[in-house]
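Listed below, chain by chain, are the residues.
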Amino acid sequence: MNSAACWRPVAFRRRLLLVFLVAAQTLGGLYLFAQTVPEQANGGTTATLLAVFGLLFAWIGVGFWTAVFGFVALRFGGDPWSLSRRVRRPNPEDATVAPTAVVMPVCNEPVQRTLGGLRAIIRDLERTGQQESVDFYVLSDSRDPEIWLEEQATCDRIRTELAPGQQLFYRRRNLYLNYKSGNIADFLRRWGRRYRYMVVLDADSLLSANCITRLIQLMEARPEAGIIQTTPRLARAETRFARLQQFANRCYGRLYGAGLAAIQLGEATYWGHNAIIRLAPFMAHCGLRKLRGPCLFRGPVLSHDFIEAALMGRAGYEVWLEPAIAGSFEESPPTLEDDLIRDRRWCRGNLQHLWLLATLGKIRLAHRMALLTGIFSYLASPLWLVFLGLSGYVALADSTPALPGVMATTDTGSGPGFLLVLVTSVLLFGPRLLAIADHALAKRTSRFGGLLRLSGNTLMETLAALALAPIRMLIHNFHVVGALSNLKVGWQGQNRSGGAKPGLSLRHFALLLASAVAALSLIQWHAPSLTPWALPVLVPVLLSPALAWWLSRKPGEGRWLAVPEDYRTTRVIDLAGPAPMGHRTPGGLDWFEQMVLSPVSARDHRRSASPVRGKKARALASLVDRCATEGKQGLTHRELSLICNHPEALAALHWRVWNASHESPWRETLTRMAQSVEGDSPIPVPLPRRQEQIAWVEVAS
């Protein structure tokens, strides 16, 4: 292995080349753009317009040149400085796995789909023979008792299927602090010292056994590495929107991942999941304090991953991005609405990094640039809006109004305007053409259904991206304004199965529609000559509810926007499967009703009950009384969880419910359950915290 002193000069030269290319392209673009601005335009307005254009032109240039770096690296068989190329795979008989924890933080997620994925990871790991060194943890922040009781029961069910030596633990926090980073921090305080490494998953993550063992091997071979991040591939897409995202990720993501890794080398970023972390330095150096600034910059850090990578680098450890490691998957949000809701949280978290950039010292330049990139990914939308507004204002100064830079000269077939449009098109669409060329040269087009089908799907995805771009831009403007106004956002589990209704899409985009109608009306009223230039931006916005609803549907039969996994799936995706691990209960009892009514559960809780006295006992007794007389709908999620967490209270409620009067809401539940049991055969049902099963026919007796 080469030391850090070897790769740093290489990284410096590559970054210097990137800066030179982006700067040269931006200066050239500014020169061409300046030629298209009418001479009658106000000097101050023109200067502002040129400054905004320069920032945006450099921004799209960074993406283009990153893809070029990736294309070059892949054409030479991969980056020779990556860890994957420098660390050879050990012989299977020589391979050892250090103590590793695989943790999955969850919060009100769809239980069966989420834990079905974790179950697939565990089963895939069985065949490697290394399962005894890897423990799995489900770290729940779920507050709805219907969800966390199902999480417990499902984990119990998975635990009964484990091979010898495998361990699966379930922990639910009663005190919710600092979101996902607080959940991970709580795990590390309790159990972090037991393990050398930690692999972090998202609720939609899938990691193959080969991926996990390869990550551990790289960590073992590189003691200087603090974090190794994989590049997750999108998988298991079902809706049209998710398949668009999945195709873009699988077709172009290969270039961007290789280019980003080549530029960053040992100073890469951490994306918060599908990565391995060396726990000793992470626990020592990457703790996150609450922000102490004004408004948005106060409270817990929302986007913690980039900051943790920067802190790891500040402590002298390396952070590597390794796109060559296969077997790392995640899922896309199934609808445009869900994607934009996630963006609202990310926008707020990324903007918080402005405060951290100003207050955190000794952060490496590469990590500062990564933080600035994350911030600008959302501030670019307001800049695009400013650019469009200023362009329209400047265009009115000319006798024949046309937006600067867009065929602004009277001779539309030539001139600086045409050349600028051509260069901009290359920067925007060049990575897509490079991706097709890369797949063709690597003889990978058959994995996408052939070259013709790959090219057609690329064109379809490009048109969809163009239609969605103005919608994203305007919505991101709302997100930025909301974040800077310190409006609160929810942090709940994501929808992962699609299925939006037309009415829901209309309500979600109501503000966007009103803004677009108002903007188009003002343009037509004050400057009708600019209406043709505004229509390509505003028409997709006006159609956004219908477009979002259509994209939320599942495509018909066939491989719509085919990706390699459609032709040859990996083992871990097959094991996850489309079917959830469902359960049946008599009378359709929900999880809280099962917990309360089950005689086995009540007997178990009475055995483990510890006496509660004083004010706490009186509060629990009051909750039990309210639940017995008003039903569970009379209590909040927090109050129901309190009852479930205290065996004595649960046992008392069990007795009260089975002796409920005819006026009690529980009487209808008991009747429904009894009628179901009388007509059905006994059904074994796993109960929370129980490994044995009970035949519910015993309840009827």
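No experiment lies behind these values; they were computed from the predicted model shown. (Residues numbered from 1 in each chain as written. Predicted model: local features only at pLDDT ≥ 70, side-chain atom pairs only at ≥ 80, totals over all residues. Heavy atoms only, no water.)

As a further point, take the pairing of strand S3 (residues 167-172). In this sheet, S3 lies alongside strand S2 (residues 134-140) in parallel orientation, the contact comprising 6 bridges. Counterpart to aspartate 135 in the pairing with S3 is glutamine 167. With respect to chirality, the unit in which S2 leads through helix H5 (residues 145-160) into the neighbouring parallel S3 is right-handed. (Pairing = 2+ DSSP bridges. Helix = DSSP H or I, 4+ residues; strand = E, 2+ residues; numbered from the N terminus. Right-handed = clockwise from strand over helix to strand, strands pointing away.)

The next thing to look at is the side chain of glutamine 352. With respect to the helices and strands, the residue glutamine 352 is situated in helix H11 (residues 336-359). Side-chain polar atoms of glutamine 352 contact the backbone oxygen of leucine 296, separated by 3.3 Å. Beyond its immediate chain neighbours, meaning those up to four positions away, glutamine 352 contacts Leu291, Leu296, Phe297, Pro300, Val301 and Leu302. (Polar contact = N/O pair within 3.5 Å; in protein donor to acceptor, adjacent residues only side chain to side chain. Contact = heavy atoms within 4.5 Å.)

Attention now goes to unusual backbone geometry. One non-glycine residue, arginine 236, lies in positive phi territory at about 60°. Within the secondary structure layout, arginine 236 lies in the loop between strand S7 (233-234) and helix H8 (240-264). At lysine 362, a residue that is not glycine, the phi angle is positive and equals roughly 60°. Relative to the helices and strands, lysine 362 is located in the loop between H11 and helix H12 (365-395).

On to the sheet that holds S7, then. The strand order across the open sheet built from 3 strands is S5-S12-S7, with neighbouring strands paired in mixed fashion. At either end of the open sheet lies a strand with only one pairing partner, and these are strand S5 (206-207) and S7. Across 2 bridges, S7 lies against strand S12 (residues 328-330) in parallel orientation. Bridging across to S12, leucine 234 finds its partner in glutamate 330.

A separate point is the confidence of the model for the chain. For the chain, the mean per-residue pLDDT works out to 85, and 86% of the residues sit at or above 70. Segment residues 408-413 is flagged for pLDDT under 50; beyond a separation of four residues in sequence, or across chains, it makes 9 contacts in the model. A low-confidence stretch, residues 681-701 (pLDDT under 50), is modelled with 58 contacts involving residues beyond four sequence positions or located in other chains. (pLDDT = per-residue confidence, 0-100.)

By size, the foremost hydrophobic cluster in this structure holds 77 residues, and its most contacted members are Leu118, Phe136, Phe592 and Leu653. Counting 44 residues, the second-largest nonpolar core is a separate cluster that includes Val103, Tyr137, Ile184 and Phe187. (Core = buried A, V, L, I, M, F, W, Y, C linked by side-chain atoms within 4.5 Å. Buried < 20%, exposed > 50% of the residue type's maximum accessible area, 1.4 Å probe, protein only.)

Going through the model one piece at a time under the given rule, you end up with 0 disulfides. Between cysteine 644, a cysteine without a disulfide, and cysteine 627, which holds the nearest cysteine sulfur, the sulfur-to-sulfur distance is 8.7 Å. When its relative accessible area of 1% is taken as the criterion, cysteine 644 is described as buried. (Disulfide = S-S within 2.5 Å.)

What follows is about the environment of alanine 649. One can find alanine 649 in helix H25 (residues 647-658). By relative accessible area, which is 6% here, alanine 649 ends up buried. Sequence separation of alanine 649 and alanine 617 is 32 residues, and the distance between their C-alpha atoms is 8.6 Å.

Together, Phe418, Leu419, Leu422 and Val426 give the surface a local cluster of nonpolar side chains, amounting to about 330 Å² of exposed area. With respect to the helices and strands, the residue phenylalanine 418 is situated in helix H13 (residues 416-441). (Patch = residues over 30% accessible without salt bridge, like charges linked within 9 Å, V, L, I, M, F, W, Y side chains within 5 Å. Areas by Shrake-Rupley, 256 points an atom, 1.4 Å probe, with all protein chains shown as cover. Salt bridge = Lys/Arg side-chain N within 4 Å of Asp/Glu carboxyl O.)

In this section: the side chain of glutamate 322. Tracing the backbone shows glutamate 322 in strand S11 (residues 318-322). Although glutamate 322 lies buried, it forms no salt bridge, and the closest oppositely charged side chain, arginine 86, sits 6.7 Å away as judged by the N-O distance. In this view, glutamate 322 contacts Ser82, Leu83, Ser84, Leu218, Ile228, Gln229, Thr230 and Thr231; residues no more than four positions away in its chain are not counted. (Lys, Arg positive; Asp, Glu negative; His and termini not counted.)

It is worth spelling out the packing of aromatic side chains at this point. Here the structure, examined in full by the defined rule, presents 18 aromatic pairs. Here the aromatic rings of phenylalanine 187 and tryptophan 191 are separated by 5.9 Å at their centres, their planes lie at 45°, and the arrangement is tilted. You can see phenylalanine 187 and its partner tryptophan 191 sitting in helix H6 (residues 179-191), 4 residues apart, about one turn around the helix. The ring of phenylalanine 71 has arginine 75 sitting right over it, with the charged end atom 5.6 Å from the ring centre. If you follow arginine 172 out to its NZ or CZ, it ends over the ring of tryptophan 148, 4.0 Å from the centre. (Phe/Tyr/Trp six-rings, centres within 6.5 Å; stacked < 30°, edge-to-face > 60°. Lys NZ or Arg CZ within 6 Å of the ring centre and 35° of its normal.)

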